[in-house]
Amino acid sequence: MSKKHTFIDLFCGVGGIRIAMEQNDFECVFSSDINEECQKTYFKNFDEMPKGDITKIKEKDIPKHDILCAGFPCQPFSAAGKQLGFEDTRGTLFFEICRIIKAKSPKVILLENVKNLVYHDKGNTLKVILATLESLGYFVDTKILNAADFGIPQSRERIIIVASKNKKFDFSKLATKKKPQLKDFLDKNGQFDFLKEDEYTLINPKIRKKQLSGLIFAGYRNKKIRTAGVRPGTEHLSRVHRQCNRIHSVFGTFPTLNSQESSGRFFILTEENKVRRLTLNECWRIMGFPENYQKISSQSEQYKQLGNSVCIPMISAVSLQIKKQFFKDKQ
Ligand SMILES: C[S@@+](CC[C@H](N)C(=O)[O-])C[C@H]1O[C@@H](n2cnc3c(N)ncnc32)[C@H](O)[C@@H]1O
């Protein structure tokens, strides 16, 4: 029998968390995702078809496991303005996670979500999540981590929640790295989608500044200015402020690849001073997916899948520390 410590992969998407956990020798014993395209991609890569809707899965059909992992959807927290209490939170998918925790009592829980969870409902939602995990008998800690601090040239901030039965997780032990530059992650050759010079405006290189996040804003696409609802005199800003119009220098990091941008409007200013889109493969690469990862869905599905996924090296760093801090003695 395998001596590896086990995990379950809830809301597994295309398996970003699974890859990170397997990199540290944990073994997956169960996975679930409701989305058929994600399921097909997951099957292609891991030879395991995830089960579907978690709300329909009985606890007895989930095997015992050491770690429960879940990059649970953030939509349940978008009930803007409502004062959500614990009773309301029961209706969300977080409650499904709690149901499984109650039944299976895993030693460790690893949750991932958007940074905005911290501010949702004036901090109440996160408070309820943490209090609920504590009421189930766990020591809980959270931290906002940025993919750019884990060797990936993408400024992608996510909240990580780690809960354990016997002590708090020590986030200070995570090994971070200097922020890399996007240029070192790009394809040298290929069919690139360049913009013509009259399709964009670059800002003067002398006033381009690297932000703390590593981003260097280099210019914007000359799209039609949106005037509806825009304050007079600020029309020019509307095209600059839209993420899909912004152009970033390859000497810095790239902003968060978000799942709503399913047409892949991610623009960079290259070392040769040309403007082009990131290719789909480059997008997967700056999520930290291995080169041999099998991508089988349509382009727009792939943009959604990768935008919904995790930065693998960041989760791998957390998973390594989970192993060292909670499973050191046996593994
Ligand atoms: C933020 S994504 C997680 C992605 C994953 N961490 C990865 O690395 O690809 C959330 C996932 O939850 C799935 N989901 C939403 N509702 C679900 C449900 N009721 N049961 C199972 N999965 C669900 C979505 O299809 C989506 O893939």
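So, the overall build of the protein chain
Helix and strand counts for the protein chain come out as 9 helices and 13 strands. The 331 residues of the protein chain split such that 50% are buried. Summing over all exposed atoms, the protein chain offers an accessible surface of approximately 16400 Å²; the carbon and sulfur share of this is 50%.

Comments concerning the packing of aromatic side chains
Counting across every chain of the model gives 11 aromatic pairs. Ring centres of Phe26 and Phe327 lie 5.8 Å apart, and the angle between their planes is 70°; on these two criteria the pair is classed as edge-to-face. Taken together, the residues Phe26 in the loop between helix H1 (16-23) and strand E2 (27-32) and Phe327 in the segment after helix H9 (312-326) connect sequence positions 301 residues apart. Overall, the relative accessible area of 2% leaves Phe327 in the buried class. A ring pair is formed by Trp284 and Tyr293, whose centres lie 5.5 Å apart and whose planes are at 35°; its orientation type is tilted. Each residue in the set Phe169, Phe171 and Phe326 is aromatic and connected to the rest through ring pairs, giving one cluster. If you follow Lys107 out to its NZ or CZ, it ends over the ring of Phe327, 4.7 Å from the centre. Note that Arg276 overlies the ring of Phe192, its terminal NZ or CZ placed 3.8 Å from the centroid.

A short note on the nonpolar core
One finds Val162, Leu278 and Ile322 to be the most contacted residues of the largest nonpolar core, which totals 53 residues. Looking at this core, the elements with two or more residues in it are H1, helix H2 (36-46), strand E3 (67-70), strand E4 (108-114), strand E7 (157-164), helix H7 (280-285), helix H8 (299-308) and H9. Looking at this core element by element, the count peaks at 7 residues for H9. Looking at this core, you find at least three residues from each of domain 1 (6-177 + 292-326) and domain 2 (192-278). Dropping the residues within four chain positions of it, Ile322 is found in contact with Phe26, Ile67, Val108, Leu110, Val162, Phe169 and Phe327.

A closer look at empty space enclosed by the protein
The final tally for this structure, using the stated rule, is 1 cavity of 30 Å³ or more. Estimates place the volume of the largest cavity at around 40 Å³. Sorting the residues of the lining of the largest cavity by element identifies strand E10 (246-249) and strand E11 (254-255) as the ones contributing at least two each. By residue class, the composition of the lining of the largest cavity is 4 nonpolar, 2 polar and 2 charged.

So, the pairing of strand E9 (residues 217-221)
Of all 5 residues in E9, 5 are buried; the element is thus mostly enclosed. When strand E8 (residues 200-202) meets E9, the two strands line up antiparallel, connected through 3 bridges. Bridge pairing in E9 places Leu202 opposite Gly219. Relative to E10, E9 runs antiparallel, the two being bridged by 3 bridges. Among the inter-strand pairings, Phe217 is bridged to a residue of E10, identified as His248.

Thoughts on the layout of surface pockets
The computed volume of the second largest pocket comes to approximately 210 Å³. Forming the boundary of the second largest pocket are Lys183, Leu186, Asp187, Lys188, Phe192, Phe194, Val250, Thr270, Glu271, Glu272, Lys274 and Arg276. Taken together, the residues of the lining of the second largest pocket break down into 4 nonpolar, 1 polar and 7 charged.

Looking at H2
The complete set of buried residues in H2 reads Cys38, Gln39, Thr41, Tyr42 and Phe46. Viewed along the axis of H2, the buried residues span an arc of 165°, placing them on a single side of the element. The elements touched by buried residues of H2 are strand E1 (6-10), H1, E2 and H8. Put simply, Asn35 is the residue that caps the front of H2, since its side-chain oxygen is 2.9 Å from the backbone nitrogen of Glu37. A positive phi of about 55° marks Asp47, the residue just after H2.

Rules of the game
Residues numbered from 1 in each chain as written. Predicted model: local features only at pLDDT ≥ 70, side-chain atom pairs only at ≥ 80, totals over all residues. Heavy atoms only, no water. Helix = DSSP H or I, 4+ residues; strand = E, 2+ residues; numbered from the N terminus. Buried < 20%, exposed > 50% of the residue type's maximum accessible area, 1.4 Å probe, protein only. Areas by Shrake-Rupley, 256 points an atom, 1.4 Å probe, with all protein chains shown as cover. Phe/Tyr/Trp six-rings, centres within 6.5 Å; stacked < 30°, edge-to-face > 60°. Lys NZ or Arg CZ within 6 Å of the ring centre and 35° of its normal. Core = buried A, V, L, I, M, F, W, Y, C linked by side-chain atoms within 4.5 Å. Domains from an automatic or database assignment. Contact = heavy atoms within 4.5 Å. 1 Å grid on protein atoms, 1.4 Å probe; cavity = no way out; pocket = protein on both sides within 12 Å on 5 of 7 lines; lining within 4 Å. Points joined across faces, edges and corners; volume = space filled by probe spheres on them. Nonpolar A, V, L, I, M, F, W, Y, C, P; charged D, E, K, R; others polar. Pairing = 2+ DSSP bridges. Arc of directions from axis to C-beta. Polar contact = N/O pair within 3.5 Å; in protein donor to acceptor, adjacent residues only side chain to side chain.

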